[in-house]
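Fold and contact review
Below, each chain spelled out in residue letters.
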Amino acid sequence: MAAEALTVRPTWALVAHGGAGAIARGDLRPEQDAAYRQAMAAAAQAGAAVLRSGGAAMDAVEAAIRLLEDDPLFNAGRGAAFTAEGRNELDASIMEGATLAAGAVAGVTTTRHPISAARAVIEGSAHVMLGGEGADAFARSQGLEQVDPAYFFTERRWRALERGLSKLGLPIPPRPLGAPEDPSARAALVHEEGKHGTVGVVALGVHGHVAAGTSTGGASAKRWGRVGDSPIIGAGTYASDKACAVSCTGAGEYFIRLGVAHEICALVQHKGLSLQAAADQVIQGDLAALGGDGGVIAVAPDGQMAWSFNTSGMYRARIADGQSLVVGVYKDET
Ligand code: ASP
């Protein structure tokens, strides 16, 4: 009976990540560990609630990512990493497996929820990717909430920038105007997982369609309008009902060159690999061989779920119809 139950395909499924990086046991204080687990669980449950009530995979992805963007613990939305100039420039993308509809924004600075701006690109423009001031202006025109750039500020990410710039021998920019002097208690729980961090969600809805989304502040101390893999369709995000939905986190320069998200889908579609085997081949094989670090989450239309990362940890959660929530942080967890 138990074995039979396990082979039943879930009608809906969702996997979420909150970034991969230097996240080893002992790095996090117990209260940080608990806060990250609770935040990943809350995001997964928010997406699951959409799917359970018959909502679309795109809606579940957007709802879960908006929560993570609002949480200062993660390098996305509020809590984003800073550029070398001391700004928060946010990237996001979202894709629907049924239609291959895709939207992305890069370098937004005033849009509270970059993932919703990415989605609005699909529904409100003839384009796939918008960048910089134009992307914020578009988001504003679509009625998306705009905030003062200081909204994204957190003290810990600022300290990480100062450390990073000192190592590079670059000047420390002035604190952003309006940056709060006293960090909130929650922002003080931020774990600095290295230069990176990102959030992403993949989902399968009851109608059999998959979707993927990714949102990030990018690499700390990034320069010259640098854009990572997260807003690039095929690199940081990809979804196709013919294969799977994938969201990535890690050193974007490597993910772009390998076209990681699309590559995993291609291995599933054209080589018939299982989702886990395809994710492992690209992350443990190709990415590691190129010298990159990071991880992925994925879901397939038949209900397979996978994650793979070659870092010491990745904040992650998965949940599916008939399966209980699983939350992980370190490498030695399921
Ligand atoms: N992939 C993101 C970027 O390179 C950062 C991360 O996921 O850690 O911008």
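Up top is the structure.
Attention in this report is confined to the structure presented alongside it. Sequence order sets the numbering: in each chain, residues are counted from 1 along the sequence as written. Local features are withheld for residues below a pLDDT of 70 in this predicted model, meaning they are given only at 70 or higher, and side-chain atom pairs are given and counted only at 80 or more; totals for whole chains, interfaces and linings count all residues. Each side-chain value is derived from all of the structure's non-hydrogen atoms; neither hydrogens nor water enter the calculation.

**A few points about the sheet that holds strand 8 (residues 245-250)**
Note on pairing: two strands pair once DSSP finds at least 2 bridges between them. The numbering of helices and of strands both runs from the N terminus, where a helix is a DSSP run of H or I of at least 4 residues and a strand a run of E of at least 2. Reading across the sheet, the four strands line up as 7-8-9-10 and stay open at both edges, with antiparallel pairing between neighbours. At either end of the open sheet lies a strand with only one pairing partner, and these are strand 7 (237-239) and strand 10 (305-309). The mean inter-strand angle of the sheet, taken between neighbouring strand axes irrespective of direction, is 10°. Bridging between strand 8 and strand 9 (residues 294-299) involves six bridges; their strand directions are antiparallel. Note on method: axes are straight lines fitted to C-alpha atoms, helices fitted across the in-contact stretch only, with angles between N-to-C directions ranging 0 to 180 degrees.

**Regarding the nonpolar core**
In this structure, Leu14, Leu73, Phe74, Val201 and Tyr315 are the most contacted members of the largest nonpolar core, which totals 52 residues. The biggest single contributor to this core is helix 2 (residues 30-52), with nine residues. Any two residues whose heavy atoms approach within 4.5 Å are treated as being in contact. Setting aside chain neighbours within four positions, we find valine 201 in contact with Leu14, Val15, Ala16, Val61, Ala64, Ile65, Leu68, Ala211, Ala212, Gly213, Ser247 and Ile297. Nonpolar cores are built from buried Ala, Val, Leu, Ile, Met, Phe, Trp, Tyr and Cys residues. Side-chain atoms within 4.5 Å join them into one set. To sort residues, take the accessible area from a 1.4 Å probe on protein chains only and compare it with the maximum for the residue type: under 20% means buried, over 50% means exposed, and anything in between is partly exposed. Counting residues in each nonpolar core, the second largest holds 40 residues, with Ala13, Ala20, Phe255 and Met314 among its members.

**Quick notes on the layout of surface pockets**
Considering only enclosed or pocket space, the second largest pocket measures out at about 190 Å³ in volume. The rule is simple: put a 1 Å grid over the protein atoms alone, call a set of points where a 1.4 Å probe fits but cannot get out a cavity, call an open set with protein on both sides within 12 Å along at least five of seven lines a pocket, and count a residue as lining if it has an atom within 4 Å of a point. Lining the second largest pocket are Gly86, Arg87, Asn88, Thr109, Asp148, Pro149, Ala150, Pro176 and Leu177. Grid points are joined across faces, edges and corners, and a volume is the space filled by probe spheres set on the points.

**Focus on the pairing of strand 6 (residues 210-216)**
With seven of its seven residues buried, strand 6 lies for the most part within the structure. Here strand 6 shows two buried faces, one formed by Val210, Ala212, Thr214 and Thr216 and the other by Ala211, Gly213 and Ser215. Across six bridges, the pairing between strand 2 (residues 90-96) and strand 6 is antiparallel. Bridged to glutamate 96 within strand 6 is alanine 211. Pairing between strand 5 (residues 199-204) and strand 6: six bridges, direction antiparallel.

**A look at helix 3 (residues 57-70)**
By this rule the span expected of a helix is its residue count minus one, scaled by 1.5 Å. For helix 3, built from 14 residues, the straight-helix expectation of 20 Å at 1.5 Å per residue is met to within 8% by its first-to-last C-alpha distance of 20 Å. Among the residues of helix 3, Ala57, Met58, Ala60, Val61, Glu62, Ala64, Ile65, Leu68 and Glu69 are the ones counted as buried. Of the surrounding secondary structure, the elements contacted by the buried residues of helix 3 are strand 1 (13-21), helix 2, strand 2, helix 4 (114-124), strand 5 and strand 6.

**Quick notes on a nonpolar patch on the surface**
Taken together, the side chains of Val128, Met129 and Val227 make up a nonpolar region of the molecular surface, amounting to roughly 220 Å² of accessible area. Note on placement: valine 128 falls in the loop between helix 4 and strand 4 (129-131). For valine 128, a relative accessible area of 44% gives the class partly exposed. Residues qualify for a patch when their relative accessible area is over 30% and they have no salt bridge, like charges being joined within 9 Å and the nonpolar side chains of Val, Leu, Ile, Met, Phe, Trp and Tyr within 5 Å. Every accessible area reported is derived by Shrake-Rupley at a probe size of 1.4 Å, with residue values counting cover from the shown protein chains alone. Salt bridges are identified by distance alone: a Lys or Arg side-chain nitrogen within 4 Å of an Asp or Glu carboxyl oxygen.

**A short note on the packing of aromatic side chains**
Aromatic pairs are defined between Phe, Tyr and Trp rings, using the six-membered ring for Trp, whenever the two ring centres lie within 6.5 Å; interplanar angles under 30 degrees are classed as stacked, those over 60 as edge-to-face, and all others as tilted. Counting across every chain of the model gives seven aromatic pairs. An angle of 5° between the planes, with centres 4.1 Å apart, marks the rings of tyrosine 36 and tyrosine 315 as stacked. With tyrosine 36 in helix 2 and tyrosine 315 in strand 11 (residues 313-320), this residue pair connects regions lying 279 residues apart in the sequence. The exposure class assigned to tyrosine 36 is buried, which follows from its relative accessible area of 0%. Residue class for tyrosine 315 comes out buried when judged on its relative accessible area of 0%. Between phenylalanine 74 and tyrosine 315, the aromatic rings sit 6.2 Å apart at their centres with planes inclined by 85°, giving edge-to-face as the arrangement. Here phenylalanine 74, found in the loop between helix 3 and strand 2, pairs with tyrosine 315, found in strand 11; they are 241 residues apart in sequence, far enough to count as distant. With relative accessibility at 0%, the residue phenylalanine 74 sits in the buried group. A connected cluster of aromatic rings, assembled from ring pairs, spans Tyr36, Phe74 and Tyr315. Lying over the aromatic face of tyrosine 254, arginine 257 brings its terminal NZ or CZ to 4.9 Å of the ring centre. Lysine NZ or arginine CZ positioned within 6 Å of the ring centre and within 35 degrees of the ring normal marks a charge as sitting over the ring. Over the ring of tryptophan 307 we find arginine 316; its NZ or CZ atom is 5.2 Å from the centre of that ring.

Don't take any of this as a statement about function, it's just geometry.
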